[in-house]
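Observations on the model geometry
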Amino acid sequence: MFRNRRAAAIATSTAMVFAGMGVAALETGVASADGTCAISSHAEKKDASTVGITMTYDKKVNLDSIGVGTTATYTVVIGTTGIGNPYVNTITDYPPAGFTPISASVTAYHLGTGQRTETVTPEPNAGGFKTTSTGWFVNSGNPVTYTVTYRVPTNLSAGQQITSGGIGVAGTVGVSNELPNLTACFTARANTVGESALGSLNNNGLGSADGQTSSTGSVSDIIADAIKKYMGS
């Protein structure tokens, strides 16, 4: 009887997930009506400290419309043009107030292996979250990318525009910069049916804790995981 109830619950939640996918496809592509909520921004630095090269800085959020209580992923990219090869040793991302990091990674060039992505643990830093290294190499073909996924608070209102803070970069003289206006914005929305169903799976130990249809994970992976847990119980 218990197994039958669990099977019914999985079937119901699975149906809700697939029903919700159609809603998500419509909602996540909608930009804010006033056009002021940009999901990415770009800045450059070219002065005496950069020794004839141009440093580039970019920040973006993964979607322009994100459900409250799900996740938002911010990507910071530090690059350069020309023949210089500065080193970055600290990158700080400043998320919107109340956002808590749940995972992070850095993609950077490593001698002998090229670009490689490694998991890092973001540390609090003056209202932001930083990652540090003895030095990530940067040249025109090898930027450094810092990616942080945050839990989106549940107290946001649908339609509310959420703008992040900027970034901070430290390293060799030319690359170091503080960019409080390098922001990224998304519009908060209510969860879709699919996201709510996934939340129900998570609460019952049947899904992935980070498997939200709006930002991370695969719906098929989540459902497969739920079925595996059911079959193994």
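Going by the structure above, here's the rest.
All figures in this text were calculated on a predicted structure; none of them were measured in a lab. (Residues numbered from 1 in each chain as written. Predicted model: local features only at pLDDT ≥ 70, side-chain atom pairs only at ≥ 80, totals over all residues. Heavy atoms only, no water.)

1. Examining the sheet that holds strand E14 (residues 185–189)
- Strand order in the open sheet formed by three strands is E3-E14-E11, with mixed pairing between adjacent strands. Sheet topology places strand E3 (65–67) and strand E11 (161–163) at the edges, where each strand pairs with a single neighbour. Across the sheet, the mean angle from the axis of one strand to that of its neighbour is 40°, orientation sign disregarded.
- Where E3 lies against E14, three bridges are found, and the strand directions are parallel. (Pairing = 2+ DSSP bridges. Helix = DSSP H or I, 4+ residues; strand = E, 2+ residues; numbered from the N terminus. Axes fitted to C-alpha atoms, helices over the stretch in contact; angles between N-to-C directions.)

2. A word on the side chain of serine 65
- Relative to the helices and strands, serine 65 is located in strand E3.
- For serine 65, a relative accessible area of 6% puts it in the buried group.
- Here arginine 189 takes part through its side chain, which lies 3.2 Å from a polar atom of the side chain of serine 65. (Buried < 20%, exposed > 50% of the residue type's maximum accessible area, 1.4 Å probe, protein only. Polar contact = N/O pair within 3.5 Å; in protein donor to acceptor, adjacent residues only side chain to side chain.)

3. Examining the packing of aromatic side chains
- Evaluation of the coordinates by the stated rule reveals six aromatic pairs.
- In textbook terms, an aromatic cluster arises when at least three aromatic residues are bridged by ring pairs, as seen for Tyr74, Phe99, Phe129, Tyr150 and Phe186. (Phe/Tyr/Trp six-rings, centres within 6.5 Å; stacked < 30°, edge-to-face > 60°.)

4. A look at unusual backbone geometry
- Of note, valine 51 is a non-glycine position whose phi angle comes to about 50°, a positive value.
- Residue position: valine 51 is located in the loop between strand E1 (40–45) and strand E2 (54–61).
- Overall, valine 51 belongs to the exposed group, its relative accessible area being 70%.

5. A look at the environment of alanine 170
- The topology assignment puts alanine 170 in strand E12 (residues 167–171).
- Here alanine 170 falls in the partly exposed class, since its relative accessible area comes to 29%.
- Here the alpha-carbon distance between alanine 170 and isoleucine 91, two residues 79 residues apart in the chain, equals 6.6 Å.

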